[in-house]
Amino acid sequence: MSSVQLDNPSMQEIRGSFTDLPDVQGKLHLKFLMCFGRHGARTPIRVMPNIEQAVWDKDILMVGADHTNINYEVCSLDGGSRPEAVLENHYRKTILRGGSFGGQLTNLGMEQSYQLGQSFKRHYVDKQHFLSPIFSPDEIYVRSTNINRCIETARCIMAGIYGDQLRSNQNEPLKIHVDHPNTEVLYPQEHLHPSLKQMWYKAQHAPDYIPGSAELIQHVKDLLQVPKDDKSVDLTGIKDDLSTRMVHGFSLPSHFGDAIVESISEKSPKVLQFALGGPPGEEMTYLPISSGPLLHMIQQVLKQASENQVNEKCHLYLCHDTTLTAVLVALGIFDGEWPPLCCSITLELYQDNEGKSYVRVLYRGLVKKVFQKADEVIPLQDLCEGLRPFSLTWDEFMESARRAQNMR
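Here's what I pulled together on the structure shown here. (Residues numbered from 1 in each chain as written. Predicted model: local features only at pLDDT ≥ 70, side-chain atom pairs only at ≥ 80, totals over all residues. Heavy atoms only, no water.)

Regarding the packing of aromatic side chains
Summed over the entire model, instances satisfying the criterion amount to seven aromatic pairs. Measuring from centroid to centroid gives 5.6 Å for phenylalanine 18 and tyrosine 124, while their planes differ by 70°, and the two rings are edge-to-face. Within this pair, whereas phenylalanine 18 is found in the loop between helix H1 (11–15) and strand E1 (28–38), its partner tyrosine 124 is found in helix H4 (residues 107–127), the two being separated by 106 residues in sequence. Each member of the pair, phenylalanine 18 as well as tyrosine 124, carries the same accessibility label: buried. With centroids separated by 4.7 Å and ring planes inclined at 10°, the aromatic side chains of phenylalanine 36 and tyrosine 317 adopt a geometry described as stacked. With phenylalanine 36 in strand E1 and tyrosine 317 in strand E5 (residues 314–319), this pair connects stretches of sequence that are 281 residues apart. As far as burial versus exposure is concerned, phenylalanine 36 and tyrosine 317 are alike and both buried. Here the aromatic residues Phe18, Phe120 and Tyr124 are joined through ring pairs into a cluster of three or more. (Phe/Tyr/Trp six-rings, centres within 6.5 Å; stacked < 30°, edge-to-face > 60°. Helix = DSSP H or I, 4+ residues; strand = E, 2+ residues; numbered from the N terminus. Buried < 20%, exposed > 50% of the residue type's maximum accessible area, 1.4 Å probe, protein only.)

Right under this line is the structure:
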């Protein structure tokens, strides 16, 4: 087992999220929470060629503990029936050794998500008394991408907060809201925007943009005995297979020692950052293409909450590493590491007695100073001004995609 842990958090870190957070100074009261969480541990989406697969036994790894189960239903954003799960159907075309589908939340991921919910409960329910100890759909709105690992992560987090109540037949099932695949803002829409698709290709297959990655990719291909021009092998795909094995305690192929795993750990987040934000210093050009509608939504929801136009006290979004990386880059707090499984970004909205609104940002349960500001708590207006250069409405994004298509 390698000593390098890629994006695998310890259970201790997850349990410790939101612990010992400093109180906000001054006459400010917490008004609203907006929390983006990455899903928990899962089966691989991609596996390495010419290497014996790990055994992903569906009868062992896919059965969560009873305490992670609740009554829930998945619905569209307007409360209607669940839209077609196009990406989920794609993942299920991959059947791994052991019978599991690719990209599925495992029992470890379920427990990680449950523990994150417990940490959230200890801080915002038990300590801050911000959320009621009695579940109410009027207090928490839950949204997920229409992909099972995120939906089930949402289920387990809510089990960690309100488990007994949500398992009771006396309550209505929890509603988890999902969007249609062609209007989803919680992940990059590379199939809709030609420039975004090109960015992903450059990040993976034009490694001159990332110093040292060309040699690393070739070294990996040599180890796997695949041709130099084989485009099916790239750093993020290799990292996906390695990291899912490691977090579940499976052994790595013998020729993937600490040195090469550490190199993949170092280079793969740069690939992700480049794919979302382009070359360093060009984020204002590329980040709107990958995540502009998401960043626009964040501003709109926080503004509406500050003006009492949002009914709930907390919006919980379950999404992906791409989602969190984009938000971190836009806020100026990306630390160069792949966002760990089951980590979260929380935006806390505060107001003073005069109705002025402020925001504090947490990442992995710790306070972060955004946009290189000196203060941990900044005016909502400053947050919106910082995000605005990277933001696009959905109509603006689609117009950008049409222009890019016409230039081809």
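Next comes the rest of the description.
Focus on unusual backbone geometry
Positive phi outside glycine occurs at asparagine 308, with the angle close to 60°. Positionally, asparagine 308 belongs in the loop between helix H10 (283–306) and E5. Although it is not a glycine, glutamine 372 sits at a positive phi angle of roughly 60°. Of note, glutamine 372 is situated in the loop between strand E8 (366–368) and strand E9 (377–379). Judged by its relative accessible area of 77%, glutamine 372 falls in the exposed class.

Some details on the nonpolar core
Judged by nonpolar contacts, the single largest core of 68 residues is most densely connected at Met34, Phe36, Phe256, Ile298 and Leu347. Tallying contributions element by element places H10 first for this core, with nine residues. With 38 residues, the next largest nonpolar core counts Leu30, Ala154, Ile157 and Cys342 among its residues. (Core = buried A, V, L, I, M, F, W, Y, C linked by side-chain atoms within 4.5 Å.)

With respect to the environment of alanine 154
Residue position: alanine 154 is located in helix H5 (residues 148–167). Along the primary structure alanine 154 and proline 279 are separated by 125 residues, whereas in three dimensions their C-alpha atoms are 33 Å apart. In this structure alanine 154 touches Val142, Ile176 and Leu318, once residues within four positions along its chain are discounted. (Contact = heavy atoms within 4.5 Å.)

Some details on the side chain of serine 119
Structurally, the position occupied by serine 119 is in helix H4. Accessibility expressed as a relative area gives 1% for serine 119, which makes it buried. A distance of 2.9 Å separates the side chain of serine 119 from the backbone oxygen of isoleucine 14, its partner in a polar contact. Excluding anything up to four places from it in sequence, serine 119 contacts Ile14, Arg15, Gly16, Ser17 and Phe18. (Polar contact = N/O pair within 3.5 Å; in protein donor to acceptor, adjacent residues only side chain to side chain.)

A closer look at the side chain of serine 213
Summarising the element assignment, serine 213 is placed in helix H7 (residues 213–224). In this structure serine 213 comes out as buried when scored by relative accessible area, which is 3%. A polar atom in the side chain of serine 213 sits 2.8 Å from the backbone oxygen of isoleucine 210.

Topic: the packing of helix H6 (residues 194–205) against helix H9 (residues 258–277)
For any two helices packed against each other, one specifies the inter-axial angle together with the distance between the axes. Where H6 meets H9, the closest approach of the two axes is 8 Å, and the angle between their N-to-C directions is 155°. Here H9 runs roughly antiparallel to H6, going by the angle between their axes. The two elements H6 and H9 meet at a crossing, and its hand is right-handed. Of the residues in H9, those touching H6 at Leu196, Met199, Trp200, Lys202, Ala203 and Gln204 are Val271, Leu272, Phe274, Ala275, Leu276 and Gly277. Its residues placed into classes, the contact of H6 with H9 shows nine nonpolar, two polar and one charged. (Axes fitted to C-alpha atoms, helices over the stretch in contact; angles between N-to-C directions. Parallel < 35°, antiparallel > 145°, perpendicular 65-115°, else oblique. Left-handed = near helix turned anticlockwise from the far one by under 90°. Nonpolar A, V, L, I, M, F, W, Y, C, P; charged D, E, K, R; others polar.)

Notes on the pairing of strand E6 (residues 344–352)
E6 sits mainly inside the fold: nine of its nine residues count as buried. Because side chains alternate across E6, one face comprises the buried residues Ser344, Thr346, Glu348, Tyr350 and Asp352, and the other comprises Ile345, Leu347, Leu349 and Gln351, equally buried. Inspection of the sheet shows E1 paired to E6 by nine bridges, in the antiparallel sense. By the bridge assignment for E6, phenylalanine 32 is matched with leucine 349. Two elements, E6 and strand E7 (residues 357–363), share seven bridges in a ladder whose sense is antiparallel. (Pairing = 2+ DSSP bridges.)

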